[in-house]
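Notes for the structure review
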Amino acid sequence: MIDGKKVLIILPAWNESEGLPKILREIQQKLPGVDTLVVDDGSVDNTAAVAAAHGSKVAQLPYNLGVGGAMRFGYRYAHLHGYDIALQCDADGQHDPSYVPTLIAKLDEADLVIGARFAGEGSYKVRGPRSWAMKLLSVVLSRVAGTKLTDTTSGFKACNKPMIEFFSQWYPVEYLGDTIESMVGAARCGFVIRQVPVSMRERTTGTPSASPIKATIYLARAGLVLLLAMIRRMPPHLKLIQPATKAAAQRRELVGKA
């Protein structure tokens, strides 16, 4: 619990047995009382066993679905178990749990809060085509969301209860859908998106994709995903989920008229 709210940190993990102990210990030390759910995304190592041994709830997917599939399961779990807040945190150690209270505090004025790497804190840098793609996405998605966003591909995010319900019913599993398309869909359905500056750390496991060829492919794919996200129709039933920020604004309006 944080400020009387039931909080779940979801960690999508694929072959992360090496780095999980450290991040789970850090979460337990810095955020006592907060639940964690490690979604083992079809790992071939002992990710699930390591997570369970370190006190985390564990879900094992039968095969690798990618971050989107793992997070969709995580949001469904959070919704079914009545969590007020759900956060996505990488299992590779890049995301510092110390920023979790800051993300949660920002939920007072937003439904979805992004921990942004390029917002004035830390020295994290990206160069080449990958950087161009991120800047293009930030410009377009800032207009879609009606606010300045500098890191639209960040995997460090916090959601309130209506946003959890929304993502539990609709969360893209395609490449980059968990970042780009999920944000477009949320904004188009009236959810308020904001960001807070965070400092990212070097990953403790895994190897980043940094070759020029891979970066160029990333640029092309990101543009295509953005185009599809903008033209794809949202399921009508999702619009029945009322954002908490919208409900709060309506209550303020009613109080003002009274």
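Residues numbered from 1 in each chain as written. Predicted model: local features only at pLDDT ≥ 70, side-chain atom pairs only at ≥ 80, totals over all residues. Heavy atoms only, no water.

With that settled, the discussion passes to the sheet that holds strand β5 (residues 112-116). The sheet built from seven strands is open, its strands ordered β3-β2-β1-β4-β6-β5-β7 with mixed pairing. Of all the strands in the sheet, just β3 (57-61) and β7 (193-197) have a single pairing partner and so form its edges. The mean angle between the axes of side-by-side strands here comes to 20°, regardless of whether they run parallel or antiparallel. Relative to β7, β5 runs parallel, the two being bridged by five bridges. Looking across to β7, one finds that A116 is bridged to P197. (Pairing = 2+ DSSP bridges. Helix = DSSP H or I, 4+ residues; strand = E, 2+ residues; numbered from the N terminus. Axes fitted to C-alpha atoms, helices over the stretch in contact; angles between N-to-C directions.)

What follows deals with the packing of aromatic side chains. Evaluation of the coordinates by the stated rule reveals seven aromatic pairs. Summarising the aromatic geometry, the rings of F166 and F191 are spaced 5.0 Å apart at their centres and angled 55° between planes, so their arrangement reads as tilted. Within this pair, whereas F166 is found in helix α6 (residues 161-169), its partner F191 is found in the loop between α7 (177-188) and β7, the two being separated by 25 residues in sequence. Judged by relative accessible area, which is 0%, F166 ranks as buried. In this structure an aromatic cluster arises from ring pairing among Y75, F166, F167, W170, Y171 and F191. Above the ring of Y83, the side-chain terminus of K6 is found at 4.6 Å from the ring centroid. (Phe/Tyr/Trp six-rings, centres within 6.5 Å; stacked < 30°, edge-to-face > 60°. Buried < 20%, exposed > 50% of the residue type's maximum accessible area, 1.4 Å probe, protein only. Lys NZ or Arg CZ within 6 Å of the ring centre and 35° of its normal.)

Now for helix α1 (residues 20-30). Of the positions making up α1, those classed as buried are L20, P21, I23, L24, E26 and I27. Structurally, α1 contributes buried residues whose contacts are with β1 (7-13), β2 (35-41) and α2 (47-53). (Contact = heavy atoms within 4.5 Å.)

Taken together, L224, L227, L228, M230 and I231 make up a surface patch of nonpolar side chains, about 480 Å² in accessible area. Structurally, I231 is set in helix α8 (residues 212-231). (Patch = residues over 30% accessible without salt bridge, like charges linked within 9 Å, V, L, I, M, F, W, Y side chains within 5 Å. Areas by Shrake-Rupley, 256 points an atom, 1.4 Å probe, with all protein chains shown as cover. Salt bridge = Lys/Arg side-chain N within 4 Å of Asp/Glu carboxyl O.)

This part is about the confidence of the model for the protein chain. Averaged over the protein chain, the pLDDT score is 85; the fraction of residues at 70 or greater is 84%. Confidence, expressed as mean pLDDT per element, reaches its minimum in the protein chain at helix α9 (residues 244-257) with 56 and its maximum at strand β4 (residues 85-88) with 98. (pLDDT = per-residue confidence, 0-100.)

Further remarks concern the side chain of T47. In this structure, T47 sits in helix α2. On the accessibility criterion, T47 (0% relative accessible area) is buried. One polar contact links the side chain of T47 to the main-chain amide nitrogen of E16, over a distance of 2.9 Å. Within the local environment of T47, its side chain forms a polar contact with the side chain of D45, the two groups lying 2.7 Å apart. (Polar contact = N/O pair within 3.5 Å; in protein donor to acceptor, adjacent residues only side chain to side chain.)

Moving on to the pattern of salt bridges. Opposite charge on two side chains permits them to pair, given that their charged atoms come into close proximity. This structure, assessed with the given rule, holds five salt bridges. Between K30 and D96 there is a salt bridge whose closest N-O contact spans 3.2 Å. Placement of the pair is K30 in helix α1 and D96 in the loop between β4 and α4 (100-106), with a sequence separation of 66 residues. Connected via shared salt-bridge partners are E26, K30 and D96.

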